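Each chain, letter by letter, is given below.
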Amino acid sequence: MFMIVSAMPSAITCVLLLILPESPKFCLYNGKTSEARKILKNIFVYNNGNSNSEKKRILNEILDDFKFSVRPNLNDTDDDTEIFFGPNRPTGLIKSIVQNSKDIIKKTKCLFGKTHIFKTTLILCIMFAICFGYYGLWIWLPELYKRMALTGGSPCSTNFIPTNGTNNSNQSSCQIDKSVFESSFISALSNLPGNIFTIIFIDKMGRNLVTSMSLFLSGLSVFGIPFITKESQGVLLATIFGGINVVTFNSFGCTATELFPTRLRSSALGVQYVAGRLGAILGNVLFGILVDTSCYVPLLTISGLLIMSSILSFKLPESSNLDMD
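The rules behind the values
Residues numbered from 1 in each chain as written. Predicted model: local features only at pLDDT ≥ 70, side-chain atom pairs only at ≥ 80, totals over all residues. Heavy atoms only, no water. Core = buried A, V, L, I, M, F, W, Y, C linked by side-chain atoms within 4.5 Å. Buried < 20%, exposed > 50% of the residue type's maximum accessible area, 1.4 Å probe, protein only. Helix = DSSP H or I, 4+ residues; strand = E, 2+ residues; numbered from the N terminus. Contact = heavy atoms within 4.5 Å. pLDDT = per-residue confidence, 0-100. Axes fitted to C-alpha atoms, helices over the stretch in contact; angles between N-to-C directions. Parallel < 35°, antiparallel > 145°, perpendicular 65-115°, else oblique. Nonpolar A, V, L, I, M, F, W, Y, C, P; charged D, E, K, R; others polar. Disulfide = S-S within 2.5 Å. Salt bridge = Lys/Arg side-chain N within 4 Å of Asp/Glu carboxyl O. Expected span 1.5 Å × (residues − 1). Bend = angle between axes of the 7 residues up to and from the residue.

1. Notes on the nonpolar core
Moving on, step 1. Judged by nonpolar contacts, the single largest core of 40 residues is most densely connected at L137, L144, F252 and L299.
Moving on, step 2. Those elements that place two or more of their residues in this core are helix 5 (93-111), helix 6 (117-151), helix 10 (207-224), helix 11 (231-258), helix 12 (262-290) and helix 13 (296-312).
Moving on, step 3. At 14 residues, helix 6 tops the list of elements feeding residues into this core.
Moving on, step 4. Residue contacts for L299: discarding those within four places in its chain leaves L137, L144, C156, V222, I225, P226 and F287.

Shown next as structure tokens:
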């Protein structure tokens, strides 16, 4: 039942995505001009209604005057060249797969070409650190809560003795204190104020400032976890980490997308998610290996990576006022 309930949001999202139309610009870049016109008209009707005939006439004239071209060759120097997938696009399955593969390789090369390599490298490093910290700590957070409940303080306290595999230890390890579930629930709720904060302040403060501040504060909150003296302090710091980290994901997600031209955006996100998944896997594995050996090492490593990432994020251009090319 738990797995069914957990899968419901994803299932609902999949259905809603089928209803949601593509962006007009994406349709234009893929040669779907009639679909782009239809979406733009629907946007106009939604925002203005059918009552304003003059605006509707002007819109139709603009749409009729649209000119589209076939995609030129893609290389690292054509930074301002638009990419259109026109009628010359192959229609066969095999040819389409081959052409798509070539496009992916060319676009990925562009990301690491001289025009984009600096910001691509920075973004990959920051994405790796964010996912390393968040997933490395968040997955193991119930274990840390369990240790806090047993020691009454730091999860790294020497008062906690890892189970040694005997029958008695296995039996005791299965008896989880109720406070562990309560603490996990409180930490999960911290995402809500973080999302609200992002909605209100991300445009007022700027993407880079929000990203840098949230990375720095989340790093400080993780740094304090090994040194707590009460269980409530650990729950508070972990809750602060969860609330701030969702702000990081939101603001950095905007920056990592907006810094690239439309034609490279999907490829850039794909490469970034690869770095993020590698960070998440490595953080989870290393945390599990080191949590019994020395609890301080994974927590302080996560803290250091997040704080260093906050400094690196200042090197990225502010994307709030960039033209969406």
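2. As for the confidence of the model for the protein
Moving on, step 1. Averaged over all residues, the pLDDT of the protein is 78; the fraction at 70 or higher stands at 77%.
Moving on, step 2. Residue range residues 68-88 is modelled with pLDDT below 50. Its contacts to residues more than four positions away, or to other chains, number 43 contacts.
Moving on, step 3. Taken together, the stretch residues 164-173 has pLDDT below 50 and engages in 5 contacts with residues farther than four places along the chain or on a different chain.

3. Concerning the environment of M213
Moving on, step 1. Locating M213 in the fold gives a position in helix 10.
Moving on, step 2. Residue class for M213 comes out partly exposed when judged on its relative accessible area of 37%.
Moving on, step 3. A sequence separation of 97 residues divides M213 from S310, and the C-alpha atoms of the two residues are 6.9 Å apart.

4. Topic: the packing of helix 5 against helix 12
Moving on, step 1. Packing of helix 5 against helix 12 brings their axes to within 9 Å, and their N-to-C directions diverge by 80°. By the angle between their directions, the pair helix 5 and helix 12 is classed as roughly perpendicular. Between helix 5 and helix 12, the residues in contact are K107, T108, C110 and L111 and R263, L264, S267, A268 and V271, respectively.
Moving on, step 2. Split into classes, the residues belonging to the contact of helix 5 with helix 12 amount to 5 nonpolar, 2 polar and 2 charged.

5. What about the state of the cysteines?
Moving on, step 1. Following the criterion strictly, the structure yields 1 disulfide and no others.
Moving on, step 2. Linked covalently through their sulfurs, C156 and C295 form a disulfide whose S-S length is 2.3 Å. Because the sign of the S-S torsion sets the handedness, a value of about -55° for the bond joining C156 and C295 places this disulfide among the left-handed ones. Of this pair, C156 sits in the loop between helix 6 and helix 7 (167-173) while C295 sits in the loop between helix 12 and helix 13, and the two are 139 residues apart along the sequence. Here C156 matches C295 in class, with each residue buried.

6. Re the pattern of salt bridges
Moving on, step 1. As enumerated under the stated definition, the model contains 4 salt bridges in all.
Moving on, step 2. D292 serves as the salt-bridge partner of R147, at 2.2 Å between the closest nitrogen and oxygen. Of the two residues, R147 is situated in helix 6 and D292 in the loop between helix 12 and helix 13; the sequence distance between them amounts to 145 residues.

7. Points about helix 6
It helps to recall that an α-helix has 3.6 residues per turn; residues three or four apart then point in one direction.
Moving on, step 1. Between the first and last C-alpha of helix 6 there are 48 Å, a value that for 35 residues agrees with the 51 Å anticipated at 1.5 Å per step.
Moving on, step 2. L141 marks where helix 6 bends most, by close to 50°; the proline P142 follows one to four residues later.
Moving on, step 3. Looking one or two residues past helix 6, G152 carries a phi angle of roughly 75°, positive in sign.

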